[in-house]
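Chain residues, written in single-letter form:
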Amino acid sequence: MSHSVVNTDNWEAVKAECLKHLPQHVIDYIEETKDQDRSESHLISILHKIQAHSGYLSKEQLNAVSQLARIPMTKVTGVATFYHYFRLTPRGKHIISVCLGTACYVKGAEKISQSLMNKLGIQFGETTKDGLFSLEAARCLGTCGLAPVIMVDEQVYGPVASGDVRTILDKYIKQASRTGDKN
Ligand code: FES
């Protein structure tokens, strides 16, 4: 089997470069397991460990995984983008979780999602350019009686109508401009 992703003549240099982007425990884990397991679930556990450490998966980290674990970059990015729980950008200052559980779904969660996406200009799993908001999908936030529900950080809002979205966002935007957080 050929491994076009790595130049073995330069292996020490490759490892040194990877060390700049990956924490030591992830490098150790890849080293320990790379000859035994090249399954997708192995790759998923590597990506989980990186995300638990860094909060998201950067391009440099994905490349380092590809090099160290000797898995083609297309496979690494394919897995990272396929599973919605992997984040490819840093999380924003405020995390907006939209409940897509059954009770919220039947009460119009899809409309709320659309309204948030339109107003923020991002999709689920993304962060606004100013770093203020990240948008995430959630499964039942445990407050079905308030459906449809969204949560911003620890604060639950419900029932939310699509017309409420602007007011909710404005609260955080104003707060950020008062404290000078917004870039
Ligand atoms: S389904 Fe949305 S809070 Fe339970």
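In this text, all values refer to a predicted model and were calculated from it rather than measured experimentally. All residue numbers refer to position in the chain's written sequence, counted from 1. Selection of residues for local features in this predicted model requires a pLDDT of at least 70, selection of side-chain atom pairs for listing and counting requires 80 or more, and totals for whole chains, interfaces and linings are taken over all residues. Side-chain numbers come from the whole structure's heavy atoms, not from hydrogens or water.

Draft legend 1. The overall build of the protein chain, seen in detail. What counts as a helix is a DSSP run of H or I of at least four residues, what counts as a strand is a run of E of at least two, and both are numbered from the N terminus. When its secondary structure is counted, the protein chain shows 8 helices and 4 strands. For the protein chain, the succession of helices and strands along the chain, N to C, is α-α-α-α-α-β-α-α-β-β-β-α. Every radius of gyration here is taken over C-alpha atoms, with the globule rule written as 2.2 Å times N^0.38, N being the number of residues. The C-alpha radius of gyration computed for the protein chain amounts to 20 Å, which surpasses the reference 16 Å derived for 183 residues by more than 25%, pointing to a less compact arrangement than a globule. Principal-axis analysis of the C-alpha atoms places the extent of the protein chain at approximately 60 × 40 × 25 Å. In the protein chain, which comprises 183 residues, the proportion classed as buried is 40%. For the protein chain, restricting intrachain contacts to residue pairs at least 6 apart in sequence, the fraction spanning at least 24 positions comes to 63%. In this description, accessible areas are obtained by the Shrake-Rupley approach with a 1.4 Å probe, and a residue is regarded as covered only by the protein chains that are shown. As presented, the protein chain carries roughly 10,200 Å² of accessible surface, and 52% of it is formed by carbon and sulfur atoms. Each charge sign in the protein chain was given a centre, from 21 positive and 19 negative side chains, and these centres are 8 Å apart. Relative accessibility decides the category of a residue: with a 1.4 Å probe and only protein chains considered, values under 20% of the type maximum give buried, values over 50% give exposed, and everything between is partly exposed. A contact between two residues is defined here by any heavy atoms of the two lying within 4.5 Å. For the charge count, each Lys or Arg is scored as positive and each Asp or Glu as negative, with His and the chain ends excluded. Throughout, a charge is located at the NZ atom of Lys, the CZ atom of Arg, the CG atom of Asp or the CD atom of Glu.

Draft legend 2. The arrangement of the pattern of salt bridges in detail. For this analysis, a salt bridge means a side-chain nitrogen from Lys or Arg found within 4 Å of a carboxyl oxygen belonging to Asp or Glu. With the rule as written, the count across this model stands at 5 salt bridges. Salt-bridge contacts for Arg91 lead to Glu136; the nearest nitrogen and oxygen are separated by 2.9 Å. Placement of the pair is Arg91 in the loop between helix H5 (73–82) and strand E1 (94–99) and Glu136 in strand E2 (residues 133–138), with a sequence separation of 45 residues. Asp170 is the partner of Arg166 in a salt bridge, and the nearest nitrogen-oxygen pair spans 3.1 Å. Of the two residues, Arg166 and Asp170 both sit in helix H8 (residues 165–179), 4 residues apart, roughly one turn of that helix. According to the relative accessible area criterion, Asp170 is partly exposed, its value standing at 26%.

Draft legend 3. Quick look at the sheet that holds strand E4 (residues 155–157). Think of it this way: DSSP has to see at least two bridges between two strands before they count as a pair. On the basis of which strands lie adjacent, the open sheet formed by 4 strands has the order E2-E1-E3-E4 and mixed pairing. The sheet is open, and its two edges are formed by E2 and E4, each paired on a single side. This sheet shows a mean twist of 20° between the axes of neighbouring strands, independent of strand direction. In this structure, strand E3 (residues 150–152) lies alongside E4, joined through 3 bridges in antiparallel fashion. If you follow Met151 over to E4, its bridge partner there is Val156. Helix-sheet contacts for helix H7 (residues 109–120) involve E1, E2 and E3, and the interaxial angle to E1 is about 150°. Angles run from 0 to 180 degrees between N-to-C directions of axes, and those axes are lines fitted to C-alpha atoms, restricted for helices to the stretch in contact. In the packing of H8 onto the sheet, the strands contacted are E1, E2, E3 and E4, and the crossing angle to E4 comes to about 150°.

Draft legend 4. The arrangement of the environment of Ser66 in detail. Take Ser66: it is sitting in helix H4 (residues 59–69). As for Ser66 and Thr179, which are separated by 113 residues in sequence, their C-alpha atoms are 41 Å apart.

Draft legend 5. The domain arrangement of the protein chain, seen in detail. What the domain assignment reports for the protein chain is domain 1 (8–82) and domain 2 (94–179). Domain boundaries shown here were taken from an automatic or database domain assignment. Relative placement of domain 1 and domain 2: their C-alpha centres are 33 Å apart.

Draft legend 6. Representation of the pairing of E2. Of all 6 residues in E2, 5 are buried, a share of seventy percent or more. With 6 bridges joining them, E1 and E2 adopt parallel strand pairing. Along E2, the bridge assignment pairs Ser97 with Glu136.

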